Amino acid sequence: MDSAVLFLKNTFFCVLNRFTPTAYPFVRYAFKAEFNNPSASIQDRVAVSALEEGFRSQILRKDDTIVCKGLSKKNLSFLQLSSLFGLRTLHILPENCPSSYKSFVEYCGGDIKFIPSSATEVDYIDRVNRLCKENASFHSADTLPADQNLFEEMIDEDKDNRMHSSLIVAPIDRDDAIPGRKAFCEKHPDTKVVGVLLEGQESYLQDTSFLKAVVKVDRDSALKRAKQFLSEEGISVGIISGAVLAATVTLIGKQDFGPSDTEMIFTDKAFDSKFRL
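Cut-offs used in this document
Residues numbered from 1 in each chain as written. Predicted model: local features only at pLDDT ≥ 70, side-chain atom pairs only at ≥ 80, totals over all residues. Heavy atoms only, no water. Core = buried A, V, L, I, M, F, W, Y, C linked by side-chain atoms within 4.5 Å. Buried < 20%, exposed > 50% of the residue type's maximum accessible area, 1.4 Å probe, protein only. Helix = DSSP H or I, 4+ residues; strand = E, 2+ residues; numbered from the N terminus. Contact = heavy atoms within 4.5 Å. Phe/Tyr/Trp six-rings, centres within 6.5 Å; stacked < 30°, edge-to-face > 60°. Pairing = 2+ DSSP bridges. Axes fitted to C-alpha atoms, helices over the stretch in contact; angles between N-to-C directions. pLDDT = per-residue confidence, 0-100. Expected span 1.5 Å × (residues − 1). Arc of directions from axis to C-beta. Salt bridge = Lys/Arg side-chain N within 4 Å of Asp/Glu carboxyl O.

J.: Help me understand the nonpolar core in this model?
T.: Considering soluble globular proteins, one finds that nonpolar side chains tend to be buried as a cluster. Within the largest apolar cluster, 29 residues are counted, with the highest numbers of intra-cluster contacts made by Phe31, Val217, Phe229, Met264 and Phe266. Of all the secondary-structure elements, those providing two or more residues to this core are β3 (29-33), β8 (167-171), β9 (192-198), β10 (213-217), α7 (219-233), α8 (239-251) and β11 (262-266). Residue contributions to this core peak at 8 residues, all from α8. If sequence neighbours within four positions are ignored, valine 217 has contacts with Val196, Leu197, Leu198, Glu199, Ala222, Ala243, Ala246 and Ala247. Among the nonpolar cores identified, the runner-up in size contains 11 residues, and Ala47, Leu60, Cys68 and Leu144 belong to it.

J.: Please clarify how the packing of aromatic side chains should be interpreted in this entry.
T.: Two numbers describe a pair of aromatic rings. These are the distance of the centres and the angle of the planes. Counted under the stated rule, the structure contains 1 aromatic pair. Ring geometry for phenylalanine 55 versus phenylalanine 85: centroids 6.2 Å apart, planes at 15 degrees, classification stacked. Taken together, the residues phenylalanine 55 in helix α1 (residues 42-56) and phenylalanine 85 in the loop between α2 (73-81) and β5 (88-94) connect sequence positions 30 residues apart. The class for phenylalanine 55 is partly exposed, based on a relative accessible area of 28%. A residue is classified by how much of its surface remains accessible, and phenylalanine 85, at 25% relative accessible area, is partly exposed.

J.: Which parts of the structure should I look at to understand the environment of cysteine 185?
T.: Mapped onto the elements of the fold, cysteine 185 is located in helix α6 (residues 177-187). Cysteine 185 has contacts with Val193, Phe210 and Leu211, leaving out every residue within four places of it along the chain.

J.: I keep staring at the pairing of β9 and nothing clicks. Help me out?
T.: A regular strand carries its side chains on alternate faces of the sheet. Most of β9 sits inside the fold, with 6 of its 7 residues counted as buried. Relative to β9, β8 runs parallel, the two being bridged by 5 bridges. If you follow leucine 167 over to β9, its bridge partner there is lysine 192. Strand direction decides the pairing type here: β9 and β10, joined by 5 bridges, are parallel. Residue pairing in the sheet places valine 196 in a bridge with valine 215 of β10.

J.: Sorry, what's going on with the sheet that holds β5 here?
T.: Paired through their backbone hydrogen bonds, the strands of a sheet run either parallel or antiparallel. Strand order across the open sheet formed by 4 strands is β6-β5-β4-β7, with parallel pairing between neighbours. Looking at the sheet topology across the chains shown, the edges are occupied by β6 (111-115) and β7 (138-140). Taken over all neighbouring pairs, the strand axes of this sheet differ in orientation by 30 degrees on average, direction set aside. Both strand β4 (residues 65-69) and β7 contribute to a ladder of 3 bridges, which runs parallel.

J.: In this structure, what is going on with the confidence of the model for the protein chain? I would like to understand it.
T.: If pLDDT is low for a region, its predicted coordinates should not be looked at in detail. Looking at the protein chain as a whole, its pLDDT mean stands at 76, while 70% of the residues score no less than 70. Mean pLDDT per element in the protein chain: strand β1 (residues 6-8) is the minimum at 37, and β7 is the maximum at 96. Scored below 50 in pLDDT, residues 154-162 shows 23 contacts in the model against residues more than four places distant or in partner chains. Throughout residues 271-277 the model reports pLDDT below 50, and contacts reaching past four residues in sequence, or to other chains, amount to 24 contacts.

J.: Help me understand helix α4 (residues 121-134), please; the structure alone is not making it clear to me.
T.: Along an α-helix, residues three or four apart share an orientation, since each turn contains 3.6 residues. Between its first and last C-alpha atoms α4 spans 20 Å; for 14 residues at 1.5 Å apiece the expected length is 20 Å, and the two agree. All of the buried residues along α4 are Glu121, Tyr124, Arg127, Val128, Leu131 and Cys132. Each buried residue of α4 lies within a common arc of 125 degrees when the element is viewed along its axis, so the set occupies one face. Projecting away from the buried face of α4 at angles above 90 degrees are the exposed residues Lys133 and Glu134. Against the buried residues of α4 lie β4, β5, β6 and β7.

J.: Any chance you could explain the pattern of salt bridges here in plain terms?
T.: A side chain of one charge can pair with a side chain of the opposite charge if their charged atoms are brought near each other. By the definition in use, this model includes 4 salt bridges. Residues aspartate 142 and lysine 69 are paired through a salt bridge, measuring 1.9 Å at the closest nitrogen-oxygen approach. Highlighted residues: aspartate 142 in the loop between β7 and α5 (149-158) and lysine 69 in strand β4, separated in sequence by 73 residues.

Right under this line is the structure:
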């Protein structure tokens, strides 16, 4: 990694030296470390917007519970912010999640329900939907309304600061990721943006016509690349980021995509991942 770390609005944006997925020495590879977003990042603002709009529309009431799939950045925001609104959070976590997860959720006043470690994204969605159907005061974090203008705001903040890559490889593993990716594509039509889905996450696939392509990556390939990145760059990333790496390796060198300066969007560390490396 370069000794000089660039910043994309308070988010680490790092150019890589040792991880070289192709033989093109003149191609730059960089990643935007979304997993290091500070407080008041876009996901915190989305969470606040969703909570405020939930009360405004009377979807939420005091002492209600927000049900979250795991501990994504947005769900961490719900965990830390909900108590300020008089709400609770319930997190669906895999049985093999690190003990630090459990301790952190409990420290912040959240509740936990465990799901088998082999559960797919569909299983997580079914568990959340069932809980919300059985309890009128339970609400899925993924269905709460949020101000979509926030995604435009994020793009406006980024436009003067990013590395002007000709290819961006980004996960589309969450519903809340879609509007931001779409907003960027509309503002930067000359940049090729490829969406990445991890095996078992097809249920999240919505309208992706604005993307150059969608690449699906199996879990073994994603874990292999995440481990490789740890050994070569010394940075511990999670399985979603590993899927982005695997997709990048597949794409670069193909006629439609490379060789070109490439930016990868990493959204999880190994600590944040549902799957241990």
